[in-house]
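A structural walkthrough
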Amino acid sequence: MESSKYVVIGAGLMGSSTAWHLASGGQEVTLLERDVPAGAFGSSHGSSRIFRYAYPNETYARLVKEAAPLWSQLERESERTLFQQVGALDFGAERNPTHLSEVLDRVGIEHRLVEVEEARERWPQYAFDTDVMWQPTAGVVDAEGAVDAMVTLAAKAGAQVHTHWEVAEVVEAPTTGYIVRSTEGREIHAAEVIVAAGGWLPNILRRLSLPKGFLDALPTFEVRQEQVFHFPYEEVLDDADWPTLIHMFREGDALRGDETKRAIYALPGGRNAENRGLKVALHNGGKVLPSAAQQDGKVDPRNRDWVTRYVERYVPGVVPEPYAEATCLFTNTPTEDFIIERVDGITVVSTCSGHGAKFGPLIGLLASGVATGNGSVPQEFRVPR
Ligand SMILES: Cc1cc2nc3c(=O)[nH]c(=O)nc-3n(C[C@H](O)[C@H](O)[C@H](O)COP(=O)(O)OP(=O)(O)OC[C@H]3O[C@@H](n4cnc5c(N)ncnc54)[C@H](O)[C@@H]3O)c2cc1C
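Residues numbered from 1 in each chain as written. Predicted model: local features only at pLDDT ≥ 70, side-chain atom pairs only at ≥ 80, totals over all residues. Heavy atoms only, no water.

Further remarks concern the domain arrangement of the protein. The accessible area lost on association of the parts is a frequent measure of interface size. Its domain assignment divides the protein into domain 1 (2-45 + 145-219 + 335-381) and domain 2 (68-139 + 222-332). Here the C-alpha centre of domain 2 lies 28 Å away from the C-alpha centre of domain 1. Carbon and sulfur atoms make up 62% of the area that domain 1 and domain 2 hide from each other, which totals about 2000 Å². Per-residue buried area on domain 1 facing domain 2 is highest for Trp20, Gly199 and Pro361; these three make up 20% of the total on that side. At the surface where domain 1 touches domain 2, the tally comes to one salt bridge. For the pair domain 1 and domain 2, the number of links is nine residue pairs in polar contact (both at pLDDT 80 or more). Of all the secondary-structure elements, those providing two or more residues to the side of domain 1 that touches domain 2 are α1 (13-24), α5 (143-156), α6 (201-204) and α9 (360-372). (Domains from an automatic or database assignment. Buried area = accessible area lost by both parts, 1.4 Å probe. Salt bridge = Lys/Arg side-chain N within 4 Å of Asp/Glu carboxyl O. Polar contact = N/O pair within 3.5 Å; in protein donor to acceptor, adjacent residues only side chain to side chain. Helix = DSSP H or I, 4+ residues; strand = E, 2+ residues; numbered from the N terminus.)

Counted according to the given criterion, the structure contains 20 salt bridges. A salt bridge links arginine 186 to glutamate 184; its shortest N-O distance comes to 2.9 Å. On the accessibility criterion, arginine 186 (36% relative accessible area) is partly exposed. Ionic pairing is found between arginine 302 and aspartate 300, a salt bridge with its closest N-O pair at 2.9 Å. Given the relative accessible area of 25%, aspartate 300 is considered partly exposed. (Buried < 20%, exposed > 50% of the residue type's maximum accessible area, 1.4 Å probe, protein only.)

So this is what it looks like as structure tokens:
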């Protein structure tokens, strides 16, 4: 039987990062992927994700600061450009720019609170309804490019990479460690298993030989099929002129008769959008699925209409007609905190809630530290037992 000290399940951002760090640290590692790395049905495909420091929770802002040099390292080692510095804008009554600014003061990140009038003059491509938090050193990361880079570097450092290898179950081996078994009956013996299965985690959790107490203590994972839309820039602007945006506000919900909190994000679409359009989406606007296996890849026309109306009102610098669209999976925890926790020889990694990409190269370092016993993670990531 094939054997590997570490087996990593899932080659999205988190699994590929874990394999990269383990292999480059001299560990024997095998990376298993049911499809292809950063495949179209997971969460890590596509060329653009927001890299911003603004977090209401200081722990996460500090982790972004830790992630930044790892993105540079990944760019250096892979000889690829994976980060574009375009800056980031956060605004809206529900985003509380003043609080974000206080957090970044404490963490030591360059930023400025810009009054609404000045913001309207400086970035006329957006329409602002409050003061704005400006982070000039934020930008956009290339998620799919990063997965490709980390898988390539992991393989160069000796990792085995198996694609179209779907894990059906992980069972305890007769003497020590685990047997990882595929849907086709192939087997690999592993001393340690790291599970970074994204939206498939709810599917596979109960087939990993995890203790019941641990399973019961895990938060409920909510998988959503999210939708993003690309709107063409008016002619004078290209990607470099578009800071990313997060806008949070409340609006009346006629059906429910109350107010609903909305979070919108927008960023240059990059390569996937032929570098000529802004990617805009309603955060948590997609339908909830039992797990990734039930996704249909269909865009809801009501979501497209809502985002288009938003763009008409708040993004005067684009033509309010989407020229491309895509679906992508969120795997949410109730608090939007990440999970990295090891029990016996199995490490569960679930770091999405729609904001994990910016931490990609760091998550693998943290997860490999937990799996090898040489590192720790913030308390927020632990599963209370
Ligand atoms: C629309 C969208 C926008 C986002 N925007 C941002 C952003 O602006 N900024 C930001 O920081 N983050 C953002 N994110 C979040 C970020 O992209 C995710 O946190 C990250 O991609 C999650 O990666 P992952 O490796 O956990 O999951 P995935 O990329 O889904 O990887 C999991 C992999 O596991 C494989 N797998 C599953 N089950 C098995 C099995 N049984 N056997 C073998 N392989 C298996 C899957 O095929 C998949 O390739 C966004 C996400 C989406 C969907």
